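Descriptive structure summary
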Amino acid sequence: MLSNSPGPIGIFDSGYGGLTILHGIRQLLPEYDYLYLGDNARAPYGPRSFDVVYEFTRQAVLKLFEMGCHLVILGCNTASAKALRSIQQKDLPKIDPERRVLGVIRPTAEVIGSLTKTRHVGVLATEGTIKSESYNLEIRKLYPDIEVSGVACPFWVPLVEYNEADSPGADYFVKKRIDQIMRLDTKIDTIILGCTHYPLLMPKILKFLPAGVRVVPQGEYVAESLKAYLERHPQIEQRCAKNGTVNYLTTENPEKFKEQAQIFLHEPVEVENISLG
């Protein structure tokens, strides 16, 4: 039986990248309680099939609901691309129609219309997100005049997780994908970082981007979108506890999570191991 008492806002990611989303949200909305769940034991989700990503994400959402969350943010582009709609349409009506699950793709798509002047946009993301064409679909729904080009960056996540984001070796992999997307469409003036790990490569990305091309990391836009959502839905907002706490869960080794969290958050964290499925 799910509790109706106020609970934390859940943030889910297959790995560590969602910590950049959590950071952005906490900067804007520090008063709420947060519960972060990383399915690190089964990451990465990017290369996995739609069915597997849906099942893994569903398990994580159910766990966060059981732990008191009324609202869960999928702080993971792959889960948002491959699982969000199915969970919203198929699962929530059966589990609890009063609970909500939101993703990170739509908030980013919504702001893009006000950022691009040329109406040519690039997306750098994992293979799974690019293949899903979720950004293309969401942006075209909102702005049919915008051209969207996407490139998968398979080595970028390992560069971040192995703490190589600042290394000279990262230059090759970052430059290669930026050159590739700019060759695809020379009119691109705005690039979406469609993976939550990528903001940690920002110094390298800015180094190789042509002058005048803007980069859009997701954290601040997801945070603004969440703030607006809570203002529009007071019945959900009232179910979000406000003690300014944050707790962390992982399906992997807690010590490993602590090390990685330092890379993303620059602060020590306490984390608890759980199992899903």
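The coordinates are above.
The structure contained in this document is the topic of the report that follows. Remember, predicted model here, so these are calculated numbers, not experimental data. Along each chain, residues carry numbers from 1 onward, in the same order as the chain's sequence is written. With pLDDT at 70 or above as the cut-off, local features in this predicted model cover only qualifying residues; side-chain atom pairs require 80 or more to be listed or tallied, and sums for whole chains, interfaces and linings still use all residues. In computing side-chain values, all of the structure's heavy atoms are included and hydrogens and water are not.

The sheet built from four strands is open, its strands ordered β6-β5-β7-β8 with parallel pairing. Looking at strand neighbours, the two that pair on one side only are β6 (147–152) and β8 (214–216), the edges of this open sheet. Here the strands of the sheet are splayed against their neighbours by 25° on average, with no regard to which way each runs. The rule for pairing is simple: two strands pair if DSSP sees at least two bridges between them. Comment: elements are numbered from the N terminus, with helices defined as DSSP H or I runs of at least four residues and strands as E runs of at least two. Here three bridges tie strand β7 (residues 190–193) to β8, and the two strands are oriented parallel to one another. Opposite T190, over in β8, you have R214 as the bridge partner. Contact criterion: two residues are considered in contact whenever any of their non-hydrogen atoms come within 4.5 Å of each other. To obtain an axis, a line is fitted to C-alpha atoms, over the contacting stretch when the element is a helix, and the angle between two such axes runs from 0 to 180 degrees between their N-to-C directions. In the packing of helix α9 (residues 168–184) onto the sheet, contacts are made with β5 (120–125), β6 and β7, and the angle to β6 comes to roughly 150°.

Each aromatic ring pair is summarised here by two numbers: the centre-to-centre distance and the angle between the ring planes. Two aromatic rings, drawn from Phe, Tyr or Trp (for Trp, its six-membered ring), form a pair once their centres lie within 6.5 Å of each other, and the interplanar angle then sorts them: stacked below 30 degrees, edge-to-face above 60, tilted otherwise. Under the defined criterion, the tally for this structure stands at 10 aromatic pairs. Centre to centre, the rings of Y16 and F257 are 5.5 Å apart; their planes meet at 45°, and the pair counts as tilted. Of the two residues, Y16 is situated in the loop between β1 (9–13) and α1 (18–28) and F257 in helix α13 (residues 254–265); the sequence distance between them amounts to 241 residues. The pair Y16 / F257 is uniform in exposure class, with both members buried. Joined through ring pairs, the aromatic side chains of Y16, Y36, Y248, F257 and F264 make up one cluster. Placement of a charge over a ring requires the Lys NZ or Arg CZ to be within 6 Å of the ring centre, with the centre-to-atom vector within 35 degrees of the ring normal. A cation over a ring is seen here: R42 above F56, with NZ or CZ 3.6 Å from the ring centre. Note that R99 overlies the ring of F65, its terminal NZ or CZ placed 5.5 Å from the centroid. Whether a residue is buried, partly exposed or exposed follows from its accessible area with a 1.4 Å probe, protein chains only, as a fraction of its type maximum: under 20%, in between, or over 50%, in that order.

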